[in-house]
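Chain by chain, the residues run as shown.
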Amino acid sequence: MQGKRILLGVTGGIAAYKSPDLVRRLRERGAEVQVVMTAAAREFVTATTFQAVSGRAVRTDLWDAAAEAAMGHIELARWAEVVLIAPASADFLARLATGQADDLLATLCLATEAPIGVAPAMNRIMWANPATRANVATLQQRGIQLFGPGEGDQACGEVGEGRMLEPLELVDRVATLLIGGGPLQGRRVLITAGPTRERIDPVRFISNRSSGKMGFAVAQAAREAGAEVILVSGPVSLPTPPGVRRVDVESAADMLATVLREVEGIDIFISTAAVADYRPARPANQKIKKTSDTLDLCMERTSDVLATVAARPKRPFVVGFAAETESVEQNARLKLLKKNLDMIAANEVGHDKAFDCEDNQLIVLWRNARHELGKASKLMLARELVGLIAESFDAARAGAGQRDTALA
Ligand code: CTP
């Protein structure tokens, strides 16, 4: 974030008391922050507070001749590399959705070409109101990123969805809008994540313990590194990382069909999904009744999504994952060779490790090299892994270029 120019819009809500801390956190990361407050925001926090923490005069008024003379609002809209509205009130979201330009902040949002992120904060019933839902859907369709809201205790005494995300989390989210010059800039990355569900009958399925967290972290890290990211996800309860296009699937067969549809033009394929290896051979059309003491399920093999992509004639750079309960490195190396992968990241699972945990550790293998990534949060590991993938991808392309020159 060093030297990045962030325009922070503060609108009227009790969560505005957290915004000076947000300014501090952004500045700690090296960003320049220009605060713009709406009239309602000034009912909650003073401009003096923001001026002190941002080190810049706060802008509040479209008609402030002196401020406009120093930097006109169109100039300010151009100055911003990213716009973050935190907190974003229900009223401000409505004004943004209808393209109003009736105060300085709304005008800036209309006049900027910078990416915009909004961090809503409001009473849970206001957030759930169909009017707010429709406004948010409109904003998302236009590419405005939604950060939160979170769930929990509300200032009004209620409990539910509508809390502004914490400043540190917002700093992470804003970082994803400041894409530019990362090691995967201009690359297209396709990622699978989560478990799959294989139907037994209309009400039952077979699945596994994958939470999808590692795959979602890899998607976020690849996006932060500048890539265009498509995330094909099995059933999980995780928010889509900002700026990532997500396609939801259910079964291994759905995942394969979706991946084959999306893989054209992809530079890097990363397969983190815990795809079912077997599915019920003949799923019942009606609910199976308990008519006997035992039940035999005949299972058949599913297709291997990763191996199918790796076997394509014009294939992307292919990265697999190996989830092992024993002989981790040995088994992973076998998979690397058998599935003809460029790289594989292996981890130990089971015995309370990896699945559904916040932390993980990985051994990364190439045909003739290895690298260990020590225990850390899944997002930190994902960022390191994406760095290694970007390096290997560049090296593989340089190698292919050299081979092509030699052949010519
Ligand atoms: N994979 C896949 N499609 C499958 C099975 C696995 O794409 N039907 C991918 C996973 O996403 C992962 C890699 O293959 O990147 C290895 O998955 P893993 O479950 O560890 O190994 P399997 O190949 O299923 O082998 P086994 O279950 O025998 O260990």
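Cut-offs and rules
- Residues numbered from 1 in each chain as written.
- Predicted model: local features only at pLDDT ≥ 70, side-chain atom pairs only at ≥ 80, totals over all residues.
- Heavy atoms only, no water.
- Helix = DSSP H or I, 4+ residues; strand = E, 2+ residues; numbered from the N terminus.
- Buried < 20%, exposed > 50% of the residue type's maximum accessible area, 1.4 Å probe, protein only.
- Contact = heavy atoms within 4.5 Å.
- Core = buried A, V, L, I, M, F, W, Y, C linked by side-chain atoms within 4.5 Å.
- Pairing = 2+ DSSP bridges.
- Axes fitted to C-alpha atoms, helices over the stretch in contact; angles between N-to-C directions.
- Near = heavy atom within 4 Å.
- Polar contact = N/O pair within 3.5 Å; in protein donor to acceptor, adjacent residues only side chain to side chain.
- Nonpolar A, V, L, I, M, F, W, Y, C, P; charged D, E, K, R; others polar.
- Parallel < 35°, antiparallel > 145°, perpendicular 65-115°, else oblique.
- Left-handed = near helix turned anticlockwise from the far one by under 90°.

Student: Explanation requested: the overall build of the chain in the structure shown.
Tutor: Secondary structure assignment for the chain yields 14 helices and 19 strands. Viewed in the frame of its principal axes, the chain has a C-alpha envelope of about 75 × 70 × 35 Å. Of all 408 residues assigned to the chain, the portion counted as buried reaches 50%. Here the analysis covers contacts within the chain between residues at least 6 apart in sequence; of these, 67% occur between residues at least 24 apart.

Student: Mind showing me how you'd approach the nonpolar core here?
Tutor: A general tendency of soluble globular proteins is for nonpolar side chains to be buried together. L184, I191, V218, I268, I270, M343 and L385 are the most contacted members of the largest nonpolar core, which has 39 residues in total. Here this core takes nine residues from helix α14 (residues 378-407), the largest share from any one element. Setting aside residues up to four positions removed in sequence, I268 forms contacts with L184, R188, V189, L190, P316, F317, V319, I389 and F393. Of all hydrophobic cores here, the second largest spans 31 residues; its members include A16, V23, V33 and L165.

Student: When you look at unusual backbone geometry in this model, what are you seeing that I'm missing?
Tutor: As a rule of thumb, non-glycine residues mostly have phi less than zero, and peptide bonds are mostly trans rather than cis. Between A86 and P87 the backbone carries a cis peptide bond, its omega angle lying at 0 degrees. Within the secondary structure, P87 is located in strand β3 (residues 82-88). Residue P149 follows G148 across a cis peptide bond; omega there is 0 degrees. Mapping P149 onto the fold places it in the loop between β5 (145-146) and β6 (150-153). A positive phi angle, close to 40 degrees, is found at S327, a residue other than glycine. Assignment of secondary structure puts S327 in the loop between β16 (317-324) and α13 (328-338). If you check the backbone angles, N340 has positive phi at about 60 degrees while not being a glycine. With respect to the element layout, N340 can be found in the loop between α13 and β17 (343-348). N340 sits in the partly exposed class, given a relative accessible area of 38%.

Student: In this structure, what is going on with the sheet that holds strand β8 (residues 188-193)? I would like to understand it.
Tutor: Spatially, eight strands are ordered β12-β11-β8-β13-β16-β17-β18-β19 in an open sheet, and the strand pairing comes out mixed. A strand with exactly one partner marks an edge of an open sheet, and here the two such strands are β12 (245-248) and β19 (369-377). On average, each strand axis in the sheet is inclined to that of its neighbour by 15 degrees, with strand direction left out of account. Alignment of β8 against strand β13 (residues 268-271), held across four bridges, turns out to be parallel.

Student: Hey, could you run me through the site of the ligand in this one?
Tutor: Around the ligand, 16 residues are found, and the nearest of them are S271, A273, L306, K335 and K339. Take F321: an N or O atom from its main chain is 2.8 Å from an oxygen atom of the ligand. Looking at side-chain class alone, the shell around the ligand contains eight nonpolar, four polar and four charged residues.

Student: Before we go on, may I ask you to explain the packing of helix α5 (residues 90-97) against helix α8 (residues 130-141) in this structure?
Tutor: The angle between the axes and the distance between the axes are what describe a pair of packed helices. Contact pair α5 / α8: the axes reach a minimum separation of 9 Å and the direction vectors enclose 50 degrees. On the basis of their axis angle, the class for α5 and α8 is oblique. Where α5 crosses over α8, the two elements pack in a sense that is left-handed. On α8, the residues touching A90, L93, A94, L96 and A97 of α5 are T132, N135, V136, T138 and L139. Considering only residue class, the contact of α5 with α8 consists of seven nonpolar, three polar and no charged.

Student: Hey, could you run me through the sheet that holds strand β2 (residues 32-37) in this one?
Tutor: Picture the strands of a sheet paired through backbone hydrogen bonds; they go either parallel or antiparallel. One open sheet holds the five strands; their spatial order is β2-β1-β3-β4-β5, and the pairing between them is parallel. Strand pairing shows two members of the sheet lacking a second neighbour, β2 and β5, which therefore form its edges. Here two bridges tie strand β4 (residues 116-120) to β5, and the two strands are oriented parallel to one another. In the sheet register, G117 faces β5, and the bridge partner there is Q145. Set on the sheet, helix α6 (residues 104-111) makes contact with β1 (5-10), β2, β3 and β4; between it and β1 the angle comes to about 140 degrees.

Student: Help me out: how do you make sense of α6 in this one?
Tutor: Helical periodicity: at 3.6 residues per turn, an α-helix aligns residues three or four positions apart in one direction. In terms of burial, α6 is a largely internal element, six of the eight residues being buried. The N-cap of α6, judged by a side-chain oxygen 3.4 Å from the amide nitrogen of L105 a few residues on, is D103.

Student: Is there a simple way to explain the environment of N285 in this structure?
Tutor: Structurally, the position occupied by N285 is in the loop between β14 (278-280) and β15 (299-301). With a relative accessible area of 63%, N285 lands in the exposed category. Sequence separation between N285 and P202 is 83 residues, and the spatial gap between their C-alpha atoms is 6.4 Å. With residues near it in sequence (within four places) discarded, N285 still touches R199 and P202.

Student: So what exactly am I meant to see when it comes to the packing of helix α1 (residues 19-28) against helix α9 (residues 167-177) here?
Tutor: As a packed pair, α1 and α9 sit with axes 9 Å apart at the nearest point and diverge in direction by 50 degrees. Classified by the interaxial angle, the pair formed by α1 and α9 is oblique. Crossing hand, α1 versus α9: right-handed. Mapping the contact onto sequence places D21, L22, R25 and L26 in α1 and P167, L168, L170 and V171 in α9. Of the residues in the contact of α1 with α9, the class split is six nonpolar, no polar and two charged.

Student: How do you make sense of the pairing of β13 when you look at a structure like this?
Tutor: A regular strand carries its side chains on alternate faces of the sheet. In β13, alternate side chains face the same way, and those of I268 and I270 on one face and F269 and S271 on the other are all buried. The pairing of β13 with β16 spans four bridges and is classified as parallel. When the sheet's bridge partners are listed, I270 is paired in β16 with V319.

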